[in-house]
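Chain and residue survey
Listed below, chain by chain, are the residues.
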Amino acid sequence: MEPNKECKHGKAILDIRDYQKAAKDKVDGAIVIPVPYLRRYYSEISSQSIYVIASNHLEKNLAIRFLKNKGFDVIGYTLTDCQCKKKIEQMV
């Protein structure tokens, strides 16, 4: 974990996926803190503005709710395992 990594303009990229997924699909400049470790390590995030990378909706929702309760500004998110596009294509 490298808590001082920040992207442009003081916004941090926070990867909350488990360590195995984060290691296989690395995001340059991201702080890797899996959801179960957020409570213990959230104070090491140096920026108040955060962009979240999550595997699924449940993981994203838990992390964003927790971070907002701790005073962070979540500016966006990306889901890496989202099946949304496949579901839409099947419906059409």
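Our subject in this report is the structure included herewith.

Thresholds applied
Residues numbered from 1 in each chain as written. Predicted model: local features only at pLDDT ≥ 70, side-chain atom pairs only at ≥ 80, totals over all residues. Heavy atoms only, no water. Core = buried A, V, L, I, M, F, W, Y, C linked by side-chain atoms within 4.5 Å. Buried < 20%, exposed > 50% of the residue type's maximum accessible area, 1.4 Å probe, protein only. Helix = DSSP H or I, 4+ residues; strand = E, 2+ residues; numbered from the N terminus. Contact = heavy atoms within 4.5 Å. Salt bridge = Lys/Arg side-chain N within 4 Å of Asp/Glu carboxyl O.

As a further point, take the nonpolar core. By size, the foremost hydrophobic cluster in this structure holds 17 residues, and its most contacted members are Leu14, Ile16, Leu38, Ile45, Ile50, Val52 and Leu67. Listed by contribution, the elements that provide at least two residues to this core are strand E1 (11-15), strand E3 (49-54), helix H3 (57-69) and strand E4 (73-79). By residue number, the principal contributor to this core is H3, which donates four residues. In this structure, Ile50 is in contact with Ala12, Leu14, Ile45, Leu67, Phe72, Asp73, Val74, Ile75 and Gly76, ignoring residues within four places of it in sequence.

Here we take up the pattern of salt bridges. Tallied over the full model, the rule gives three salt bridges. Linking Asp15 and Arg17 is a salt bridge whose minimum nitrogen-to-oxygen distance equals 2.7 Å. Overall, Asp15 belongs to the buried group, its relative accessible area being 1%. When the shortest N-O distance is used, the salt bridge between Lys21 and Asp81 registers 2.7 Å. In this pair, Lys21 sits in helix H1 (residues 19-24) while Asp81 sits in the loop between E4 and helix H4 (84-91), placing the two residues 60 residues apart along the sequence. Its relative accessible area of 34% is what places Lys21 among the partly exposed residues.

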